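The residues making up each chain are set out below.
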Amino acid sequence: MDLRGRGTYGAVYRARHITGTHTVALKLALHARDERFAREAELLSRIHHPAVPRLRASGHWQPVKGPPHPYLAMDWVEGTPLYDWTSEHRPTSRQVMALLARLARAIEATHAAGGLHRDVKGYNVLVREADGQAFLMDFGSSHYVGAATQTSSPFPPGTPAYRSPEAWRFAASDSAPPYAPGQADDVFALGVTAFRMITGRYPPSTHPDVAESRFWHTERAQAPSPRDVNGHCCPELSALVSRMLAPSLHARGSARELAESLDFAVARAGAESDVPLMVGGALHARASARWKERSVRHRARRPRWPWVAIIGLGGPLVLSLGWRPRAGAAVEVAPMPTAMSVEATDGGTVAVGDSVFAAPASPIQAPVAWSTIALEMPPRPFPGQTRPDASGRCPRKLQVPINGGCWVKLAVDNLKDCDEDGYVHKGACYGPAFPPARPATSSPAHCPTRH
């Protein structure tokens, strides 16, 4: 069992059933009696669709001390976030239409269950590595008919860049009650997701504080066309994305109607729909630049790999659920985005569901459910970390080769203190070794002037 994400409200683990037959995502609340988990579990129990991870179990874990903490256990999806998958695979218009049709069906199933997702976006869609199938994830911001309201702000949980024009119009009025999102809001958010997937950028902002938001509120406002930005987008896909982004919510249609239109377009579109959307890897290049920027930022902050050794938490937790940690389990994971990187790559967030995976936890008082976790050695070196030579030796005497990188053993009295300075490996604490900074090779007199 290993950690895959942690935030203000919860932590997500990858766990294996005691029978070894399947792997689950175990989502544990870091705060006792968190009612958000019960609402998410109730809606997930009503949804039965192959593009929505199935709820396996829910309940409360009772620690040795303190009140119980709610948990959810769902089918594990080994996949890549949607925008990253698009950058890596450069799909065609036909492939994108098939993927969007599957997501529209997932939204349709959510609506049929009396629910709303309320935070549809690329970061909440995973594309499975094995077969390229998309999954709608993270129902932590969802709502269903009859559920108690848990927020008092004018807006429910959601992400600003994906909010519909009518939501912002409501906020600009003098109406007293909070905005009540509808099914058309989920459809609009899927349109924003599709637009960014195709073009690499968001459509014009709907936020009233942004000048371009006037685009949505003019008398003859028309939805933006992704084909105007990316000429490789086929006309059928462009028209359907524009339909999702229609300024009038009535013009968008239901998720079911949208899915049917997408399926029809997949079957009838011509040869132009089989051209990769990003010829030459333009979007991939932008994603690589963002990744390099993120890597530099992580290194400057002493990067941490999202691995854990479950010391006191795992035993009683997995026994109560019917799971147990695998001895010597080693699964490679990519660094989880920080709140800053999510802000930069997916329109910011105010969603409860996002905070489970991305928001930083308060350093002042850690919840009891987090107090027994220590960082485990990552399976590969960090970017820029010193590496062994061809003979397997590190360049300095005190450096030790581990998992393809060079490490320095740190002197700590207790492994619990290793969480602050390094990573646990075979009962000891290590810190990554980086080469010393190179001195400048030119004098100040020869340096170009910067403006």
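Residues numbered from 1 in each chain as written. Predicted model: local features only at pLDDT ≥ 70, side-chain atom pairs only at ≥ 80, totals over all residues. Heavy atoms only, no water.

J.: Help me out: how do you make sense of the sheet that holds strand E9 (residues 134-136) in this one?
T.: Within a beta sheet, neighbouring strands are joined by backbone hydrogen bonds and run either parallel or antiparallel to one another. Taking strand neighbours across the sheet as the criterion, the three strands line up as E6-E8-E9 in an open arrangement whose pairing is antiparallel. Of all strands in the sheet, those bounded by a partner on one side alone are strand E6 (79-81) and E9. Taken pair by pair, the neighbouring strands of this sheet meet at an average axis angle of 35°, ignoring direction. The sheet strands contacting helix H2 (residues 82-89) are E6 and strand E8 (125-128), and the helix crosses E6 at an angle near 100°. Together, E8 and E9 form the strand contacts of helix H3 (residues 93-112), whose direction differs from that of E9 by roughly 25°. (Pairing = 2+ DSSP bridges. Helix = DSSP H or I, 4+ residues; strand = E, 2+ residues; numbered from the N terminus. Axes fitted to C-alpha atoms, helices over the stretch in contact; angles between N-to-C directions. Contact = heavy atoms within 4.5 Å.)

J.: Quick question: what am I supposed to make of the state of the cysteines here?
T.: Disulfide: a covalent bond formed between the sulfur atoms of two cysteine residues. Applying the stated criterion across every chain yields a total of one disulfide. There is a disulfide in this structure between Cys394 and Cys406, and the S-S distance comes to 2.1 Å. Looking along the S-S bond of the Cys394-Cys406 disulfide, the torsion reads about -105°, which is the left-handed sense. In this pair, Cys394 is assigned in the loop between strand E12 (373-375) and strand E13 (399-402) and Cys406 in strand E14 (residues 405-410), connecting sequence segments twelve residues apart. Judged by its relative accessible area of 13%, Cys394 falls in the buried class. Given a relative accessible area of 0%, Cys406 falls into the buried group. With no disulfide of its own, Cys233 lies 5.6 Å from the sulfur of Cys234, the closest cysteine sulfur. Given the relative accessible area of 0%, Cys233 is considered buried. (Disulfide = S-S within 2.5 Å. Buried < 20%, exposed > 50% of the residue type's maximum accessible area, 1.4 Å probe, protein only.)

J.: Whenever I open this one, unusual backbone geometry confuses me. Can you help?
T.: In this model, Arg118 sits at a positive phi of 70°, which is unusual for a non-glycine residue. Within the secondary structure layout, Arg118 lies in the loop between strand E7 (115-116) and E8.

J.: I tried to follow the side chain of His111 on my own but got confused; where do I start?
T.: With respect to the helices and strands, His111 occurs in helix H3. Given a relative accessible area of 9%, His111 falls into the buried group. Residue contacts for His111: discarding those within four places in its chain leaves Leu116, Gln183, Asp186 and Ala255.

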